[in-house]
Amino acid sequence: QVQLVESGGGLVQAGGSLRLSCAASGNIFSINAMGWYRQAPGKQRELVAKITNGVITNYANSVKGRFTISRDGAKNTVYLQMNTLKPEDTGVYYCFLNHAVGSLNWGQGTQVTVSS
């Protein structure tokens, strides 16, 4: 069993910053990628950022230059530093872990609300 525990969400004014954390525990042998999706009200879940093999990063075009993803391999933890937040960044942010064998785990989600 694998658990992903997210933290760091909250309410912030536009232009502010938040840092999300996602700590993975349990039966983790080899990680292919970790990252974050988000889902805004009435919209589909979208990929925000992911880090593959601990070094290769990918970002949604809408967050490039503002968000930074990083991973602490020793702690099986992934972080998302979000700067210059905009109201359109509002949503529930879900952490995911893609195992090397192909299975996928999700966190419970953390709410991020950016007020204008």
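Higher on the page you've got the structure.
Treat the numbers as computed from the prediction; the structure is a model and nothing was measured. (Residues numbered from 1 in each chain as written. Predicted model: local features only at pLDDT ≥ 70, side-chain atom pairs only at ≥ 80, totals over all residues. Heavy atoms only, no water.)

*Asks:* Looking at this structure, I do not really get the packing of aromatic side chains. What am I missing?
*Replies:* The final tally for this structure, using the stated rule, is 3 aromatic pairs. Here the aromatic rings of Tyr37 and Trp106 are separated by 5.3 Å at their centres, their planes lie at 70°, and the arrangement is edge-to-face. You can see Tyr37 sitting in strand E4 (residues 31-39) and its partner Trp106 sitting in strand E10 (residues 104-106), a full 69 residues away along the chain. The partly exposed category is assigned to Trp106, whose relative accessible area is 37%. Plain terms: the ring middles of Phe96 and Trp106 are 5.8 Å apart, the flat faces sit at 50° to each other, and that makes the pair tilted. Residue Phe96 is found in strand E9 (residues 91-99), and its partner Trp106 is found in strand E10; the two are separated by 10 residues along the sequence. Taken together, the aromatic side chains of Tyr37, Phe96 and Trp106 make up a single cluster linked through ring pairs. (Phe/Tyr/Trp six-rings, centres within 6.5 Å; stacked < 30°, edge-to-face > 60°. Helix = DSSP H or I, 4+ residues; strand = E, 2+ residues; numbered from the N terminus. Buried < 20%, exposed > 50% of the residue type's maximum accessible area, 1.4 Å probe, protein only.)

*Asks:* I tried to follow the environment of Gly16 on my own but got confused; where do I start?
*Replies:* Within the secondary structure, Gly16 is located in the loop between strand E2 (10-13) and strand E3 (18-26). For Gly16, a relative accessible area of 18% gives the class buried. Each C-alpha atom, one on Gly16 and one on Pro87, is 11 Å from the other, the two residues being 71 residues apart in sequence. Discounting chain neighbours no more than four positions away, the residues touching Gly16 are Met82, Asn83, Thr84 and Leu85. (Contact = heavy atoms within 4.5 Å.)

*Asks:* Quick question: what am I supposed to make of the pairing of strand E8 (residues 77-82) here?
*Replies:* Here is the key point about a regular strand: its side chains alternate between the two faces of the sheet. When you tally the buried positions in E8, you get 5 out of 6 residues, the bulk of the element. Strand direction decides the pairing type here: E3 and E8, joined by 6 bridges, are antiparallel. Across the sheet, the residue bridging to Ser21 is Tyr79, located in E8. Counting the residues that bridge the hairpin from strand E7 (residues 67-72) to E8 gives 4 residues, and of these Asn76 lies at a positive phi of roughly 50°. (Pairing = 2+ DSSP bridges.)

*Asks:* What am I meant to see in the side chain of Arg66 here?
*Replies:* Here Arg66 is to be found in the loop between strand E6 (56-59) and E7. Look at Arg66 and you get buried, because its relative accessible area is 9%. A distance of 2.8 Å separates the side chain of Arg66 from the side chain of Asp89, its partner in a polar contact. Not counting the four nearest positions on each side in its chain, Arg66 is found in contact with Gln81, Met82, Asn83, Thr84, Leu85, Lys86 and Asp89. (Polar contact = N/O pair within 3.5 Å; in protein donor to acceptor, adjacent residues only side chain to side chain.)

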